[in-house]
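Secondary and tertiary structure notes
Here is what each chain is made of, one letter per residue.
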Amino acid sequence: MEAVVELKGLTKRYGELRAVDDVSLRIEPGEIFALLGPNGAGKTTMIGCITGLITGFEGQVKVAGLDVVDHYRVTRRMVGLVPQELNWDAFFSVRQVLEFQAGYFGVKPTRAEIDELLDQFSLLEKADANTRWLSGGMKRRLMICKALMHDPVVLFLDEPTAGVDVELRDELWGYVEALRARGTTIVLTTHYLEEAEKLADRVGIINRGRLLRVDDREALMEEFGRRHVEVKLREAPTAGVIEALGQHAVEVEGRTLRLNYTRNAGEEEGGEEVDYLLKTLVGAGATILSVEGGRSSLESIFREVLHEDADASSKGAS
Ligand SMILES: Nc1ncnc2c1ncn2[C@@H]1O[C@H](COP(=O)(O)OP(=O)(O)OP(=O)(O)O)[C@@H](O)[C@H]1O
């Protein structure tokens, strides 16, 4: 099947900086692809090269099989972009914003078609309201409607939930899932592993312009589904306690024990291992002062991926 987006050796330089560095990637029809990377990784630049906002790159970018440089007008119409910042004039009504956008792409939706789109995003009753009076969530939904006006084959969402509260984030995730159900191919950029975990079929990890990994979400989550639990005791554990913990990889530092474990596929938490640790400690008569748990942060995942990358390149060089 033809890829919706295909990058071959995409490189974008700003002076000495390679904001995107030799990236090759295929986005398949109907998938949600998350581009995961820290600030300045090159996500927005990469999207800009695909959506026609950024030119002067090396390598090849195709949308639906067409080169975005040679077929600029056609490919620009096939992509929709929801940028990070609000992008309309605050004096217009919701309907006017959409009509202007349609005009920009030379499409002439009927009033009923605009109403239908607004209805899908629960904005119909605000159709004639000034955009200034929309809530934050409504504004973000209007941005998505705007990007959908010309019926793109692929929709790019640049950090759709940056800086929004948990409730609004969940709401936006719901809309993204609804779009996928309609069959829209979606590429989203995010800092948050959780967002990629929740929404994406596949995840690409980008850092310093380089695409370090591309994996199915499940494979990535399995590999990085690491958790830890830290137990603080009143007294340092005795040799007997440490022996009882046996095979379990428990790190002991003074009165603190740390167990690193991998979340099993399909399980929410560690289950057995944490249970075993705590029961063993209690069984050995240790007094537990506190128990804290967490999972590998995105930062630690990046460190790990970067480490692997550095190891691989040093081996390649030797
Ligand atoms: N027009 C420009 N001129 C010079 N450097 C730029 C320009 N645009 C981006 N950069 C640099 O390119 C790198 C990648 O930036 P980009 O905005 O693509 O990252 P990002 O992953 O989208 O980051 P964020 O998550 O913060 O939005 C950064 O170092 C940035 O400073």
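Relevant structure appears above.
Residues numbered from 1 in each chain as written. Predicted model: local features only at pLDDT ≥ 70, side-chain atom pairs only at ≥ 80, totals over all residues. Heavy atoms only, no water.

Quick word on the overall build of the chain
A tally of regular secondary structure across the chain gives 11 helices and 14 strands. In the chain, which comprises 318 residues, the proportion classed as buried is 44%. Residue pairs at least 24 apart in sequence account for 69% of intrachain contacts in the chain once pairs closer than 6 positions are excluded. Accessible surface computed for the chain: about 16400 Å², of which carbon and sulfur atoms make up 49%. (Helix = DSSP H or I, 4+ residues; strand = E, 2+ residues; numbered from the N terminus. Buried < 20%, exposed > 50% of the residue type's maximum accessible area, 1.4 Å probe, protein only. Contact = heavy atoms within 4.5 Å. Areas by Shrake-Rupley, 256 points an atom, 1.4 Å probe, with all protein chains shown as cover.)

A few points about the sheet that holds strand S9 (residues 202-207)
Pairing is mixed in the open sheet, where 6 strands are placed in the order S6-S7-S8-S3-S9-S10. Single-partner strands in this sheet number two, and they are strand S6 (79-82) and strand S10 (210-216). The average angle at which neighbouring strand axes cross in this sheet is 15 degrees, direction not considered. Sheet topology note: the strand S3 (residues 32-36)/strand S8 (residues 185-190) ladder contains 5 bridges and is parallel. When the bridges of S8 are listed, Leu 36 appears paired with Thr 190. The strands that helix H5 (residues 136-148) touches are S6 and strand S7 (154-158); relative to S6, the one it contacts most, it runs at about 165 degrees. Relative to S8, helix H6 (residues 166-181) is tilted by about 155 degrees, and along the sheet it contacts S3, S7 and S8. (Pairing = 2+ DSSP bridges. Axes fitted to C-alpha atoms, helices over the stretch in contact; angles between N-to-C directions.)

Here's the deal with unusual backbone geometry
Residues other than glycine seldom take positive phi values, yet Ala 64 does so here, at roughly 50 degrees. Its relative accessible area of 28% is what places Ala 64 among the partly exposed residues. Look at Asp 151: it is not a glycine, yet its phi comes out positive at around 55 degrees. On the accessibility criterion, Asp 151 (59% relative accessible area) is exposed.

A look at the packing of helix H3 (residues 94-104) against H5
Following both chains from N to C, one finds H3 and H5 inclined at 30 degrees, their axes separated by 9 Å at the closest point. Classified by the angle their axes make, H3 and H5 are roughly parallel. Helix-helix and strand crossings are classified by hand; for H3 and H5 the assignment is right-handed. Within the contact between the two elements, H3 uses Val 94, Val 97, Leu 98 and Gln 101 and H5 uses Leu 142, Cys 145 and Lys 146. Among the residues forming the contact of H3 with H5, the class breakdown is 5 nonpolar, 1 polar and 1 charged. (Parallel < 35°, antiparallel > 145°, perpendicular 65-115°, else oblique. Left-handed = near helix turned anticlockwise from the far one by under 90°. Nonpolar A, V, L, I, M, F, W, Y, C, P; charged D, E, K, R; others polar.)

What to know about the site of the ligand
Taken together, 14 residues lie around the ligand, and Asn 39, Gly 40, Thr 44, Thr 45 and Glu 159 are the ones closest in. Between the ligand and Thr 45, the relevant distance is 2.5 Å, taken from an oxygen atom to a side-chain nitrogen or oxygen of the residue. The contact in question runs from an oxygen atom of the ligand to an N or O atom on the side chain of Gln 84, over 3.3 Å. Element by element, the count of residues in the shell around the ligand is highest for helix H1 (residues 43-51), at 3 residues. (Near = heavy atom within 4 Å. Polar contact = N/O pair within 3.5 Å; in protein donor to acceptor, adjacent residues only side chain to side chain.)

What to know about empty space enclosed by the protein
A full pass over the atoms with the stated rule returns 4 cavities of 30 Å³ or more. Its boundaries defined by the atoms lining it, the largest cavity holds a volume of some 90 Å³. Taken together, Val 82, Pro 83, Gln 84, Arg 140, Met 143, Ile 144, Leu 157, Asp 158, Glu 159, Pro 160 and Leu 172 form the lining of the largest cavity. If you list the elements that add at least two residues to the lining of the largest cavity, you get H5 and S7. Among the elements that take part in the lining of the largest cavity, H5 stands out by supplying 3 residues, more than any other. Residue classes in the lining of the largest cavity are distributed as 7 nonpolar, 1 polar and 3 charged. (1 Å grid on protein atoms, 1.4 Å probe; cavity = no way out; pocket = protein on both sides within 12 Å on 5 of 7 lines; lining within 4 Å. Points joined across faces, edges and corners; volume = space filled by probe spheres on them.)

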